[in-house]
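# An overview of the molecular structure
Okay, here's what each chain looks like letter by letter:
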Amino acid sequence: MKLVSFINNNDFTAKWGILQNEEILVLSISQKYPTLDSFIASGEEIDKSVIEKISVNDVRLTSPVSAKRNIFCVGKNYLDHLNEIKATAANSVPKFPSFFTKSSMTLNGPYDNVPLHGNATSGVDYEGEIAVIIGKECRNVSVEDAEDYIFGYAIANDVTARDLQTQHMQWFKGKSLDGFCPIGPAVVTKDEFNTENAEITTYVNGEMRQHSFMSNMIFDVPTIIYYLSQGMTLLPGDIILTGTPSGVGGGKNPPLYLKDGDVVKIEVSGIGHIENKFMNME
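The sections below set out a description of the structure shown in this document.

Once that is clear, we can look at the sheet that holds strand S16 (residues 207-213). With mixed pairing, 5 strands are arranged side by side in an open sheet as S9-S19-S18-S15-S16. Pairing within the sheet leaves two strands with one partner each, and these edge strands are strand S9 (114-115) and S16. Two strands pair when backbone bridges link them, and strand S18 (residues 263-268) and strand S19 (residues 272-279) are joined in this way by 6 bridges, in the antiparallel orientation. Directly across from valine 263, in S19, lies its bridge partner lysine 277.

Structure representation (structure tokens):
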């Protein structure tokens, strides 16, 4: 299932439902759980009884889940990306995943505009990624059991201010400017998403910049959940970004940072795409 959250353009109500082609099916269970977050936290099986059908053209899709706390991220998880940013010796594979977080205020819709924050940075970059949505509270999860705690997958752009990332000793500031994490357009439940063949592609103004497969990740999703959950509780609805492949603007010579009016589109097979215009909004 592809589950979406949206705002109805006619009455401005916030709802969620199943995306099927050009329609959203609003379910009766949404009367009990008015947000997708609350449904995920309930742990209940989904009841597909439909109470309303809405054209996708009559809504604004929002981030399918909200970020009740910081978004977890994995850095340096594709070897080709490590090499392009010279983060490690050529062909050297890290022994452990590198974790950081983005502020919950970075969360943005799948088709919303993203602010360039020209007063704070001049080095805004894109990072096409696959996001994991946690389905059940867990801690000290084994690799073998990790799949049991996944609700589904979405697309995300780990937008980064490269100059701030290098100015500060930690990455948090450069990753956490408001609106710097578009995500969506839907959460695809794990039973309908093929992680072995998932393909990720990023375009800037129609030009392909990134292209890889989820199978090329250094640390796969069960391994990420294993390391992240050791001694630390993960909660239903937690978002984990799994890393970006090569082709980021900061890896070019000279760097190709985003400018006013640029459009970044990220596609993932089996999920769909997100597409955001980057704009001066101050």
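Still to come is the rest of the account.
Right, let's get into a negative patch on the surface. Among the surface-exposed residues, Glu144, Asp145, Glu147 and Asp148 lie close enough to one another that they form a single negatively charged patch. In this fold, aspartate 145 is placed in the loop between strand S11 (128-134) and strand S12 (150-157). Here aspartate 145 falls in the partly exposed class, since its relative accessible area comes to 38%.

Glancing now at unusual backbone geometry. In this structure, proline 185 follows glycine 184 across a cis peptide bond, with omega equal to -10°. Within the fold, proline 185 resides in strand S14 (residues 181-189). Here asparagine 253 and proline 254 are connected by a cis peptide whose omega angle stands at 0°.

The subject of this paragraph is the packing of aromatic side chains. With the rule as written, the count across this model stands at 7 aromatic pairs. Centre to centre, the rings of phenylalanine 96 and tyrosine 227 are 5.8 Å apart; their planes meet at 90°, and the pair counts as edge-to-face. A residue pair is termed long-range when its members are at least 10 positions apart, and phenylalanine 96 in the loop between helix H2 (79-84) and strand S7 (98-102) and tyrosine 227 in helix H5 (residues 221-229) qualify at 131 residues. Overall, phenylalanine 96 belongs to the exposed group, its relative accessible area being 56%. On the numbers, 4.7 Å between centres and 35° between planes, the contact of tyrosine 153 with phenylalanine 193 is tilted. Placement of the pair is tyrosine 153 in strand S12 and phenylalanine 193 in the loop between S14 and strand S15 (199-204), with a sequence separation of 40 residues. Comparing tyrosine 153 with phenylalanine 193 shows no difference in burial state: the two are buried. One aromatic cluster in this structure is built from Trp16, Tyr33, Phe39 and Phe151.

Once that is clear, we can look at the side chain of serine 212. In this structure, serine 212 sits in strand S16. Of note is the side chain of serine 212, whose polar atom sits 3.0 Å from the side chain of asparagine 216. Residues in contact with serine 212, not counting those within four places in the same chain, are Tyr78, Ala198, Glu199, Ile200 and Pro245.

Basis of the calculations
Residues numbered from 1 in each chain as written. Predicted model: local features only at pLDDT ≥ 70, side-chain atom pairs only at ≥ 80, totals over all residues. Heavy atoms only, no water. Pairing = 2+ DSSP bridges. Helix = DSSP H or I, 4+ residues; strand = E, 2+ residues; numbered from the N terminus. Patch = residues over 30% accessible without salt bridge, like charges linked within 9 Å, V, L, I, M, F, W, Y side chains within 5 Å. Areas by Shrake-Rupley, 256 points an atom, 1.4 Å probe, with all protein chains shown as cover. Salt bridge = Lys/Arg side-chain N within 4 Å of Asp/Glu carboxyl O. Lys, Arg positive; Asp, Glu negative; His and termini not counted. Charge placed at Lys NZ, Arg CZ, Asp CG, Glu CD. Buried < 20%, exposed > 50% of the residue type's maximum accessible area, 1.4 Å probe, protein only. Phe/Tyr/Trp six-rings, centres within 6.5 Å; stacked < 30°, edge-to-face > 60°. Polar contact = N/O pair within 3.5 Å; in protein donor to acceptor, adjacent residues only side chain to side chain. Contact = heavy atoms within 4.5 Å.

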